[in-house]
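Residue-level listing of the chains:
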Amino acid sequence: MQQLRRFQVLRSLGLVFWLSLPLIGLVFWLGSGFVGDRILSHSRTTKKYLLADTQSARQMMKKVVAIEVEILRQQGFSRVNVKTNNSVLKTIVFEFPTTDMSQLQATLSQELGLPRDRVQELIVEVGE
């Protein structure tokens, strides 16, 4: 009888609700910890790979406007800035381990997918 009266007093004050909140919080905390550990320890081996679209890169190269070549003979390499009229890709910077202009033209022709005579027309040599 005494317990029933105490329970009614607690209930009238709303303490039953407030006393159960820490217990509910503890259950959620332990449950989320368990679920988090399971998710984080699960190994994910995906077989999705990023494939570069080389064809669109070649199409961008066909819009070459100018080629600036800076030959750094003392360092033994050449720095090439290729300017395009593409809205996405304005400038491309290359470094080649050669200082010979004919070899550089051949390498650029191959790299850009342009004929060698077109590369020769576009090259502007910049001083060191």
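The present account deals with the structure reproduced in this document. Being a predicted model, the structure only gives us computed values, none of them experimental. (Residues numbered from 1 in each chain as written. Predicted model: local features only at pLDDT ≥ 70, side-chain atom pairs only at ≥ 80, totals over all residues. Heavy atoms only, no water.)

**Considering the overall build of the chain**
In step 1: For the chain, the count of helices and strands is five helices and four strands.
In step 2: When the helices and strands of the chain are listed from N to C terminus, the series reads α-α-α-β-β-β-α-α-β.
In step 3: Within the span of the chain, comprising 128 residues, buried residues form 20% of the whole.
In step 4: Considering only residue pairs separated by 6 or more positions, the chain has 37% of its internal contacts joining residues 24 or more positions apart. (Helix = DSSP H or I, 4+ residues; strand = E, 2+ residues; numbered from the N terminus. Buried < 20%, exposed > 50% of the residue type's maximum accessible area, 1.4 Å probe, protein only. Contact = heavy atoms within 4.5 Å.)

**Remarks on the nonpolar core**
In step 1: Ranked by size, the top nonpolar core spans 16 residues in total, and within it Ile-67, Val-69, Val-80, Val-82, Phe-94, Leu-108 and Leu-112 carry the most contacts.
In step 2: Listing elements by their share of this core, those giving two or more residues are β1 (64-72), β2 (77-84), β3 (91-96), α4 (101-112) and α5 (116-122).
In step 3: Broken down by element, this core gets its largest block of residues, four residues, from β1. (Core = buried A, V, L, I, M, F, W, Y, C linked by side-chain atoms within 4.5 Å.)

**Topic: the sheet that holds strand β4 (residues 123-126)**
In step 1: Taken in spatial order, the four strands line up as β3-β2-β1-β4 in an open sheet, and their pairing is mixed. The strands lining the two open edges of the sheet, one partner per strand, are β3 and β4. The average undirected angle you get between the axes of adjacent strands in this sheet is 20°.
In step 2: As paired elements, β1 and β4 share four bridges and run parallel to each other. For Ile-67, the partnering residue across the bridge sits in β4 and is Ile-123.
In step 3: Strand contacts of α4: β1, β2, β3 and β4, with the helix running at about 135° to β3, the strand carrying the most contacts. (Pairing = 2+ DSSP bridges. Axes fitted to C-alpha atoms, helices over the stretch in contact; angles between N-to-C directions.)

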